[in-house]
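Next come the chains, spelled out residue by residue.
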Amino acid sequence: DLPNTITLNNITYNTDSLTNIPATLPSYLTRNLHLQPSHPLSTTRQTIESLFSSALYETYNTLSPIVTVAQNFDCLGFPADHPGRSRSDTYYVNQHTVLRTHTSAHQAEKFRLLDTVGKPGYLITADVYRRDAIDRSHYPVFHQMEGARVFSRGADADIASTVMAEVRGMTVPEVEVVESCPVYEDGNPVQSAKGHTAAEAEAVARHLQRQLELVVSRVFGEAAGSASAKEKLKVRWVSAYFPFTSPSYELEVFWNNEWLEVLGCGVVRQDLLDYAGHSDKIGWAFGLGLERIAMLMYGIPDIRLFWSRDERFARQFADGVVRRYEPFSRYPHCYKDVAFWVPGTFHENDFMELVRGVGGDLVEDVKLIDEFTHPKTGRKSMCYRINYCSLDRTLTNEEVDSLQEKVRAALPEKLHVELR
Ligand code: PHE
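Residues numbered from 1 in each chain as written. Predicted model: local features only at pLDDT ≥ 70, side-chain atom pairs only at ≥ 80, totals over all residues. Heavy atoms only, no water.

Per an unreviewed UniProt entry, the protein chain carries the name Phenylalanine--tRNA ligase, mitochondrial and comes from Orbilia brochopaga. Of the protein chain, the UniProt comment under Sequence similarities (unreviewed entry) reads exactly: "Belongs to the class-II aminoacyl-tRNA synthetase family." Under the UniProt heading Subcellular location (unreviewed entry), the entry covering the protein chain gives this text: "Mitochondrion matrix". (UniProt positions renumbered as here; feature names shortened; annotations may be inferred.)

Set out below in structure tokens:
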């Protein structure tokens, strides 16, 4: 029942047993929300871009989302059994080709181009694709910005002091770092990267942290407005793991009384730079999610709104000024439960995608509300609650009933579960 080919952005690909692109997805590939004038995602991108000197950072905003498995995973050092590679997490066009799951898919090619372009850094903003849960902050398509910067060893080879001198010249960010993991743990097998001395990695990491503290202080300063501009933003550095950076960190921001993770980053593993022809350089990279930041800057409560074609959404931001989103109206929620026995293997993301395939943006969220294993038969039962709610109109009972009926009908057929 699977067609032999699939056409995405006017290019036709052969399909195979890994293909899992739902019919609803190709239309997202042409939206380019991050480039639409005055769209909140575009304004957020420009706000962040303006904090990086264009003399040092080349910007790339139109890279194709269709990449090879090598670009997205292999070249970055993802192990063969990394869960991110699975069909339940990633959209496969075929066994060699995926929709990028992160902007890091372009790291290797853009590092290779550094000398040609003549700048030591770059920024990439793009749509990325991940199979995921359904709720107000998750959508199968979102946007990331990736940044990277390298430093040349030069003749004196004392790269650490050169970088530290540059750090001292940077604007001091208006943040309070309340907690920080060690910048460089010497001797820790995970944290110490081949090819860097501790002093080098530490200098590069400090440069990275300063630059990113500047980004969050500006962006969250916008979000807070002038009222609380006096109070310094609290941030903390948490040690993290990515296959392509070492040491690696996450930056968390204290916002509305909770710690929010806003980005991942680290010192680029030297083998990556070596392969790209830069054994003489050392550098950092970061990746951040634009939706999460834009939702805070604008007070946008639901990630689906970014995709809305409703004039009442676009009109509010037409002048490109960052301001609080004014909800144009609220429409009623309608909850429907569905329970079923699952076969041996069941991936929740497959269920999420089935629901999305039927309900599209009319589904606000889906929650697992009950799960149990029958004591005698050992069979497992799941019960999910689907929350139907449109962003721009009231749904009729008949409409919701018919959507729910379609979900029920598709379940045994597509996921081989038994309805209860
Ligand atoms: N690509 C990583 C992610 O999507 C983020 C990242 C980018 C981490 C660059 C380190 C360096 O989670």
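**Student:** Requested: an account of the sheet that holds strand β14 (residues 334-342), with residues and values cited.
**Tutor:** Hydrogen bonds between backbone atoms are what pair the strands of a sheet, whose relative direction is either parallel or antiparallel. Spatial ordering of the open sheet is given by β15-β16-β14-β17, a layout of four strands whose pairing is antiparallel. Lying at the two open borders of the sheet, with one neighbouring strand each, are β15 (363-373) and β17 (418-419). As paired strands, β14 and strand β16 (residues 380-388) are joined by nine bridges and run antiparallel to one another. Opposite Phe-340, over in β16, you have Met-382 as the bridge partner. Across the sheet, helix α10 (residues 348-359) is in contact with β14, β15 and β16; its angle to β15 comes to roughly 140°. Helix-sheet contacts for helix α11 (residues 397-415) involve β14, β16 and β17, and the interaxial angle to β14 is about 10°. (Pairing = 2+ DSSP bridges. Helix = DSSP H or I, 4+ residues; strand = E, 2+ residues; numbered from the N terminus. Contact = heavy atoms within 4.5 Å. Axes fitted to C-alpha atoms, helices over the stretch in contact; angles between N-to-C directions.)

**Student:** How would you summarise the pattern of salt bridges if you had to cite specific residues and measurements?
**Tutor:** Counting across every chain of the model gives 26 salt bridges. The salt bridge partner of Arg-100 is Asp-127, with a shortest N-O separation of 2.9 Å. Here Arg-100 is found in the loop between β6 (97-99) and α3 (107-112), whereas its partner Asp-127 is found in strand β7 (residues 121-129), with 27 residues between them in sequence. Side by side, Arg-100 and Asp-127 carry an identical accessibility label, which is buried. Across the salt bridge formed by Glu-179 and Arg-236, the nearest N and O atoms sit 3.9 Å from each other. Separated by 57 residues along the polypeptide, Glu-179 in strand β9 (residues 175-180) and Arg-236 in strand β10 (residues 233-242) bring together distant segments of the chain. Through salt bridges with shared partners, a single network forms among Arg-136, Asp-302, Arg-304 and Glu-364. (Salt bridge = Lys/Arg side-chain N within 4 Å of Asp/Glu carboxyl O. Buried < 20%, exposed > 50% of the residue type's maximum accessible area, 1.4 Å probe, protein only.)

**Student:** So, the packing of helix α6 (residues 198-224) against helix α8 (residues 290-298): which residues are in play, and what are the values?
**Tutor:** It is at 7 Å that the axes of α6 and α8 come closest, and there the two elements cross at 35°. Together, Val-219, Phe-220, Glu-222 and Ala-223 of α6 and Ile-293, Leu-296 and Met-297 of α8 make up the contact between the two elements. Looking at the contact of α6 with α8, its residues break down into six nonpolar, no polar and one charged. (Nonpolar A, V, L, I, M, F, W, Y, C, P; charged D, E, K, R; others polar.)

**Student:** I'd like to hear about the sheet that holds β6, residue by residue, with values.
**Tutor:** Pairing within the open sheet is antiparallel, and its three strands lie in the order β4-β6-β5. Strands at the two margins of the open sheet, each flanked by one partner only, are β4 (66-68) and β5 (92-94). Across this sheet, the average inter-strand angle for adjacent strands is 35°, counted without regard to direction. Where β5 lies against β6, two bridges are found, and the strand directions are antiparallel. Its bridge partner lying in β6, Tyr-92 is registered against Val-98.

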